[in-house]
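One letter stands for each residue in the lines below.
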2 protein chains.
Amino acid sequence: MSAAPTPQIDGPRLLASLQALGQIGALPGGGVNRLALSDADGLGRDWMVARMRALGLRVEIDAIGNVFGHLAGVEDGPPVMMGSHIDTVRTGGLYDGNYGVLAALEVLATLLKAGLRTRRPLALAVFTNEEGARFQPDMMGSLVYVGGLPLQEALATRDADGLTVLAELQRIGYQGPQPVGMPVADSYVELHIEQGPVLEREGVQIGVVEGVQGISWTEFTLQGQSNHAGTTPMALRHDAALVAGQVAVHARELARSMGGRQLATVGALQLSPNLVNVIAQKAVFTVDLRNTDSAALAKAEAELHAFAGRAAQAEGVRLSARALARFEPVDFDAQLVELVAQQAQALGCSHMRMPSGAGHDAQMLARVCPSAMIFVPSVGGLSHNVREHTEPEDLLRGAQLLLQVALARANRSS
Amino acid sequence: MSAAPTPQIDGPRLLASLQALGQIGALPGGGVNRLALSDADGLGRDWMVARMRALGLRVEIDAIGNVFGHLAGVEDGPPVMMGSHIDTVRTGGLYDGNYGVLAALEVLATLLKAGLRTRRPLALAVFTNEEGARFQPDMMGSLVYVGGLPLQEALATRDADGLTVLAELQRIGYQGPQPVGMPVADSYVELHIEQGPVLEREGVQIGVVEGVQGISWTEFTLQGQSNHAGTTPMALRHDAALVAGQVAVHARELARSMGGRQLATVGALQLSPNLVNVIAQKAVFTVDLRNTDSAALAKAEAELHAFAGRAAQAEGVRLSARALARFEPVDFDAQLVELVAQQAQALGCSHMRMPSGAGHDAQMLARVCPSAMIFVPSVGGLSHNVREHTEPEDLLRGAQLLLQVALARANRSS
């Protein structure tokens, strides 16, 4: 088998697949809105299942709506799994998640067309609600799959309109009969756009992803006192907006002073009553902290909380905080990461080892099987943005690398 | 006439009036929502007009909906006018505006019951849309009355639902036939709750208001770049939220460093997309600057704009600004202010001279006739708040002082 030439993916077919799926939930000015379990997500899933069935894959759907397409190997056993997700944020692009799914589909189509059968089975996974834009937490489908979140709890999750995951899964026809946690995988490889500017800035074609940085999301609530902006002396104020601003400025300073891979973002903030001439009674805002180093992340959290506490006290504002999400940094499987690097080398691609800044289904899969990721460059580092873009040659290079990694893994001797 | 004892206002009747008007637009948990030209405002006006007519006042309504109640004097001529407004913010209290109107009504009722006739006529004015909570600008009725805003422009103003002032005035039946600017007033005295903590803190019963501080409202818009919070290195960010936070923190520092009567408030702020894991592409926020000194206010504006420009440039974010409101500080009529102080003294009240922190109809009237204001303490300095409160004895003391100032002014020899 090693003597046979490595089959080449069909570039135009992959690009056409990306455009076709991108039509489902397309936004008028470009980009896609395919929120998890929306009508558009249902149509996207229908399209995926139809494509999988057209290739002759055996399709299975589990109780949280994860979709699996199976291609038998020469031997039985746990499949080498590839995959990602097809849900998007409200103003998403064509590539986040979709690329990994469609490249995996293209890998299977290529192998089938070439008449190649791997030693171990292959599988394609489409995980439910990776984005978390409608139902929290994000990475829900893969988290349930690995046993990190009880199925019933996930199904009971409600969106802002009070609709449950269960009701929406049933409405779009994607609550399947397969128990969650099935199929058991030999390993998992996820191809993804970088969603950041590093590969482009470094002029490197492939990111060999060694792990995912840890994530800490905290929602802070500040309770001050609303009062007239024109009659309340500065020294007598209890201004929730001021403290929120101080924490936002401090978060940036903290990331700067810690350096390394520490990131800090205040992305959401709501004031009330939110009027020009009324001192804010309440501010609710989020802080997103990330670091590849577990101890450093914990230190950043502690320092931020301490600062927020001091600032709130100085202004006479009541502070409370709740964790919205907390993931420790994840290290991918060293052997599988090495295989990605070797195959990138064999393909003649420039490549670099790097962490993933974003969360991905692969970090969940890493709990139950050897997992790794492949990154391709994002133009301008843009993602979660309708202008998200990756150059076609980069898309094809990544898909070819995925094929070669999957082949090597599935055909390994032991 | 000077030999006659000064009539005393009927305290229980004034307090009952405040409670009765406070029922119209009452909020379930306390407080009032009587937005300008709403159904509740219409009912409140009906109630006021009925009370005025029951006293035998001649009622006139002008083309912007200002309501005037006239009590003839011994001589003809421009009336000594008292008044304020009865519209409220969405979650307002019982006293802001309403107190000045109902105390003036009580003054007229007291004089009528005592059979006292002043030399010059007296009038009670209820100005349209002082709050500006629904239609901007605020102080609209008095601004149109003094010729500061063309009638047609005011009538064409739309609320957030697209309804015009004209349509809403007509709907509630308060576009009157009287030309704006009529009646010409001899002078104007407005009694108002302080809406700030100074009198309470100083333990002083009456504020002799010397003028109104200048107001500068600016809306800043920052255009950054939305990007993934987990993949975008700190140094490559264009974070609109960060710059908004920096400006909010700077505004406080500016007020602190300038000292004196400089106030600075960031009360409203909107981020977009406003998501925990997306760097803010856009921040729109307001800065409210106030000072009794014109040059200092201009300096604060200039420094704030300069800082915002530098902060935006440092972050690579585009800054734009638009003025939402700009009023120069207003000095009230020295003679009328002195009369208020004298009468407070005569009444045996502790009193202090002070500026008004908030905008009031009196600052508009000051453009066309000698004007002044009387403040009574606000408990906790709270206003624009359903818990707005002034102690009954303070309410009665202020009303009695208003009566004595109006009597003295209307009966003066020349």
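*Asks:* Give me the overall build of chain A: which residues, what numbers.
*Replies:* Each helix and strand counted, chain A has 12 helices and 14 strands in total. A compact globule built from 414 residues should have a C-alpha radius of gyration of about 22 Å, and chain A, at 23 Å, falls within 12% of that. Counting over 414 residues, chain A shows a buried share of 61%. Taking contacts inside chain A between residues at least 6 apart in sequence as the whole, the part at least 24 apart equals 78%.

*Asks:* Tell me about helix α2 (residues 39–54) of chain A, and please be specific about residues and values.
*Replies:* All names here are of chain A. Its 16 residues give α2 an end-to-end C-alpha distance of 22 Å, which sits within 8% of 22 Å, the value for a rise of 1.5 Å per residue. Among the residues of α2, those classed as buried are Ala-40, Asp-41, Gly-44, Arg-45, Met-48, Arg-51 and Met-52. Mapping the buried residues of α2 onto a view down its axis gives an arc of 135°, with all of them on the same face. Projecting away from the buried face of α2 at angles above 90 degrees are the exposed residues Ala-50, Arg-53 and Ala-54. Its buried side turned inward, α2 meets α1 (11–22), β1 (58–61), β2 (67–71), α3 (98–114) and β4 (122–126). Immediately beyond the C-terminal end of α2, within one or two residues, lies Gly-56, with a positive phi of roughly 90°.

*Asks:* Residue-level account of the domain arrangement of chain A, with values.
*Replies:* All names here are of chain A. Here chain A is described as being made up of domain 1 (11–212 + 329–411) and domain 2 (214–327). Taken residue by residue, the interface counts 7 residues in domain 1 and 9 residues in domain 2. Among the residues making up the side of domain 1 that touches domain 2, the classes are represented as 3 nonpolar, 4 polar and no charged.

*Asks:* Describe the relation of the copies chain A and chain B, listing the residues and the values that go with them.
*Replies:* Between the two copies, chain A and chain B, the superposition gives an RMSD of 0.2 Å; the rotation angle is 180° and the shift along the axis is 0.2 Å. Overall, the copies show the geometry of a two-fold rotation axis. Across chain A, the rotation axis passes nearest the C-alpha of Gly-245 of chain A, at a separation of 2.0 Å. Here 96% of the interface residues in chain A have copies in chain B that are interface residues too; the copies meet face to matching face.

*Asks:* Any chance you could break down the interface of chain A and chain B for me, citing the residues and the numbers?
*Replies:* The interface of chain A with chain B comprises 52 residues on the first partner and 51 residues on the second. Of all the secondary structure elements, the ones that give two or more residues to the side of chain A that touches chain B are β7 (214–223), α8 (240–258), β8 (263–265), β9 (269–272) and β10 (282–291) of chain A. Here the side of chain A that touches chain B gets 9 residues from one element, more than from any other, and that element is α8 of chain A.

*Asks:* I'd like a rundown of the packing of helix α8 (residues 240–258) of chain B against helix α9 (residues 294–315) of chain B, residues and numbers included.
*Replies:* Residue and element names in this part refer to chain B. Where α8 contacts α9, the two axes come as close as 10 Å, and the packing angle between them is 150°. Considered as vectors, α8 and α9 are oriented roughly antiparallel to each other. For the element pair α8 and α9, the recorded crossing hand is right-handed. Residue-level contacts link Leu-242, Val-243, Gln-246, Val-247, His-250, Ala-251, Leu-254 and Met-258 of α8 to Ala-296, Ala-300, Glu-303, Leu-304, Phe-307, Ala-308, Ala-311, Ala-312 and Glu-315 of α9. Here the residues of the contact of α8 with α9 are counted per class, giving 13 nonpolar, 2 polar and 2 charged.

*Asks:* Give me the lowdown on the nonpolar core, citing residues and values where you can.
*Replies:* With 97 residues, the main nonpolar core has Val-107, Leu-108, Ile-374, Ala-399, Leu-402 and Ala-406 of chain A as its most contacted residues. Membership of the second largest hydrophobic core comes to 96 residues, among which are Val-107, Ile-172, Leu-199 and Leu-395 of chain B.

*Asks:* An account of the environment of Leu-151 of chain A is requested, with residue identities and associated values reported.
*Replies:* Residue and element names in this part refer to chain A. Examined against the element boundaries, Leu-151 turns out to sit in helix α5 (residues 151–155). Residue class for Leu-151 comes out partly exposed when judged on the 18 C-beta atoms lying within 10 Å of it. Sequence separation between Leu-151 and Pro-179 is 28 residues, and the spatial gap between their C-alpha atoms is 9.6 Å. Among all residues touching Leu-151, those that are not within four sequence positions of it are Ala-63, Ile-64, Val-144 and Val-180.

*Asks:* Which residues make up the packing of α3 of chain A against helix α12 (residues 392–411) of chain A, and what values do they have?
*Replies:* All names here are of chain A. Axis separation between α3 and α12 bottoms out at 9 Å; the angle between their running directions is 60°. By the criterion of interaxial angle, the relationship of α3 to α12 is oblique. Of the two elements, α3 crosses α12, and the hand of that crossing is right-handed. Residues Tyr-99, Ala-103, Ala-104, Glu-106, Val-107 and Thr-110 of α3 form the contact with α12, whose own contacting residues are Leu-395, Gly-398, Ala-399, Leu-402, Leu-403 and Ala-406.

*Asks:* Break down unusual backbone geometry for me, citing the residues and quoting the values.
*Replies:* Cis peptide bonds are those with omega within 30 degrees of zero, and the linkage from Gln-136 of chain B to Pro-137 of chain B qualifies with 0°. That bond from Ser-272 of chain B to Pro-273 of chain B is cis: its omega, 5°, falls within 30 degrees of zero. With a phi angle near 55°, Met-139 of chain A is a residue other than glycine that sits in the positive phi range. For Met-139 of chain A, the location among the structural elements is in the loop between β4 and α4 (140–145). For Gln-195 of chain B, which is not glycine, the phi torsion reads 65° and is therefore positive. Its place among the elements puts Gln-195 of chain B in the loop between β5 (187–193) and α7 (198–202).

*Asks:* Can you lay out helix α1 (residues 11–22) of chain B for me, pointing to particular residues and giving the numbers?
*Replies:* Residue and element names in this part refer to chain B. In a regular helix each residue adds 1.5 Å, so 12 residues correspond to 16 Å; α1 covers 17 Å between its end C-alpha atoms and thus fits that length. Among the residues of α1, Leu-14, Ser-17, Leu-21 and Gly-22 are the ones counted as buried. Seen along its axis, α1 keeps its buried residues to an arc of 130°; they face one direction. Residues of α1 that are exposed and point more than 90 degrees away from the buried face comprise Pro-12, Ala-16, Gln-19 and Ala-20.

*Asks:* Got a sec to walk through the confidence of the model for chain A? Specific residues and values, please.
*Replies:* Residue-level pLDDT values for chain A average 96, and 99% of them are 70 or greater. For this predicted complex, the interface confidence score (ipTM) comes to 0.79, while the overall pTM stands at 0.78.

*Asks:* Kindly report on the pairing of strand β14 (residues 371–376) of chain A, identifying the contributing residues and their values.
*Replies:* All names here are of chain A. In terms of burial, β14 is largely enclosed, as 6 of its 6 residues are buried. On β14, burial covers both faces: Ser-371, Met-373 and Phe-375 on one face and Ala-372, Ile-374 and Val-376 on the other are all buried. Bridge count for strand β5 (residues 187–193) against β14 is 6 bridges, and the pairing is parallel. Its bridge partner lying in β14, His-192 is registered against Phe-375.

*Asks:* Can you lay out the environment of Ala-314 of chain B for me, pointing to particular residues and giving the numbers?
*Replies:* Note that Ala-314 of chain B resides in helix α9. The class of Ala-314 of chain B is exposed, set by 11 C-beta atoms lying within 10 Å.

Quick notes on the rules
Residues numbered from 1 in each chain as written. Chains lettered and ligands numbered in written order. Predicted model: local features only at pLDDT ≥ 70, side-chain atom pairs only at ≥ 80, totals over all residues. Helix = DSSP H or I, 4+ residues; strand = E, 2+ residues; numbered from the N terminus. Rg over C-alpha atoms; globule rule 2.2 N^0.38 Å. Buried ≥ 20, exposed ≤ 12 C-beta atoms within 10 Å, placed from the backbone. Contact = placed C-beta atoms within 7 Å. Expected span 1.5 Å × (residues − 1). Arc of directions from axis to C-beta. Domains from an automatic or database assignment. Nonpolar A, V, L, I, M, F, W, Y, C, P; charged D, E, K, R; others polar. Least-squares fit on C-alpha atoms with pLDDT ≥ 70 in both. Axes fitted to C-alpha atoms, helices over the stretch in contact; angles between N-to-C directions. Parallel < 35°, antiparallel > 145°, perpendicular 65-115°, else oblique. Left-handed = near helix turned anticlockwise from the far one by under 90°. Core = buried A, V, L, I, M, F, W, Y, C linked by C-beta atoms within 7 Å. pLDDT = per-residue confidence, 0-100. Pairing = 2+ DSSP bridges.

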